[in-house]
Amino acid sequence: MKVQNLNSIASQSPPVCDFHDGESNCDIAETFHIYECDRDILNHLYSLQSAEIIHKHVYDAHKCPEYMIILYRSGYFTVDKTVLSMKICIKHREELGARWKRPRRTCSYPSHQGKIKPDRGASPTLCKELWLKTRQILPVGSAICKRCSMEHKKNVSPSYNLEFVEELEWCEQICTTIRGKCTQSKIQCECLQSHLVDTQIVENEEGMAFEIQNKDSVPSSQETFIGSLTTDMEFEVSWSHSVGTP
């Protein structure tokens, strides 16, 4: 009885994507694989002052794809094929991506002290370094102050020496591999469907030919009746001639 109740509850529960947090509902009318989330989010990163700075230049947002920001904000800092193949609904894609909003205006760095106001946003590299050291999730774009940023670069960054460009290139290689396999699978599926359609057409044509052949070789019930009637009449006439009339 309990098992039936659990199955009933599960069947009534709305379907969710892989980024469901247990609070907000999913909108599964449209879902995406994470590797498909590759929109230009440069303006979003600019607005949060969290664009990655490499060699004193803002790194091209096309090299910092939307999927990486979504994953880092969700606590997925170790990116592999399985992670990039996860599915996300349109609602969580917007909430974790280009329409993400800061939950607070004060400095969000875990070790922040004092009343210094934030003047920048947390970059992807800073968020990953912090996670590697403390396993704490600081969403990309979170407000931080200058002092926390400087202390992080002094005390945390040297321990890991992350190369953001290498991170991106590695992720792009995985995405390219996944897209290639998906394209190949799609082509194979289309070829199989085409083969099945052609086979069905051939079978239908052969069936029609067999039906026509049978129609030509086997008389219908009406033809059989007329043929037997004609034969009886001919037999009656010939019998009359042979016997003669009295």
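Details of the structure are given in the entry above.
What you see is a predicted model, and the numbers here were worked out from it, not measured in a lab. (Residues numbered from 1 in each chain as written. Predicted model: local features only at pLDDT ≥ 70, side-chain atom pairs only at ≥ 80, totals over all residues. Heavy atoms only, no water.)

Draft legend 1. Summary view of the state of the cysteines. Across all of its chains, the model carries zero disulfides by this definition. In this model Cys17 remains outside any disulfide bridge; the closest cysteine sulfur is found in Cys26, 3.6 Å from its own. The exposure class of Cys17 is buried, given its relative accessible area of 9%. No disulfide involves Cys175; its sulfur sits 6.7 Å from the nearest other cysteine sulfur, which is in Cys171. A relative accessible area of 0% means that Cys175 is categorised as buried. (Disulfide = S-S within 2.5 Å. Buried < 20%, exposed > 50% of the residue type's maximum accessible area, 1.4 Å probe, protein only.)

Draft legend 2. Seen up close, helix H7 (residues 146-155). Within the span of H7, buried status applies to Cys148, Ser149 and His152. One side of H7 holds all its buried residues, which, seen down the axis, span an arc of 100°. Those residues of H7 that are buried are in contact with strand S5 (120-121), helix H6 (124-134), strand S6 (143-144) and helix H8 (157-160). (Helix = DSSP H or I, 4+ residues; strand = E, 2+ residues; numbered from the N terminus. Arc of directions from axis to C-beta. Contact = heavy atoms within 4.5 Å.)

Draft legend 3. Spotlight on the layout of surface pockets. Space inside the second largest pocket adds up to approximately 230 Å³. In terms of lining, the second largest pocket is formed by 14 residues, of which the most central are Phe19, Asp21, Ser74, His92 and Leu96. Residue contributions to the lining of the second largest pocket peak at three residues, all from helix H5 (residues 90-96). For the lining of the second largest pocket, the per-class residue count stands at five nonpolar, four polar and five charged. (1 Å grid on protein atoms, 1.4 Å probe; cavity = no way out; pocket = protein on both sides within 12 Å on 5 of 7 lines; lining within 4 Å. Points joined across faces, edges and corners; volume = space filled by probe spheres on them. Nonpolar A, V, L, I, M, F, W, Y, C, P; charged D, E, K, R; others polar.)

Draft legend 4. Quick peek at empty space enclosed by the protein. Evaluated as defined, the whole model comprises one cavity of 30 Å³ or more. Each pocket or cavity is described by its volume, and for the largest cavity that value is around 40 Å³. What lines the largest cavity is simply Tyr72, Pro124, Thr125, Lys128, Leu162, Phe164 and Glu167. With three residues, the top contributor of residues to the lining of the largest cavity is H6. Of the residues that constitute the lining of the largest cavity, the class distribution is four nonpolar, one polar and two charged.

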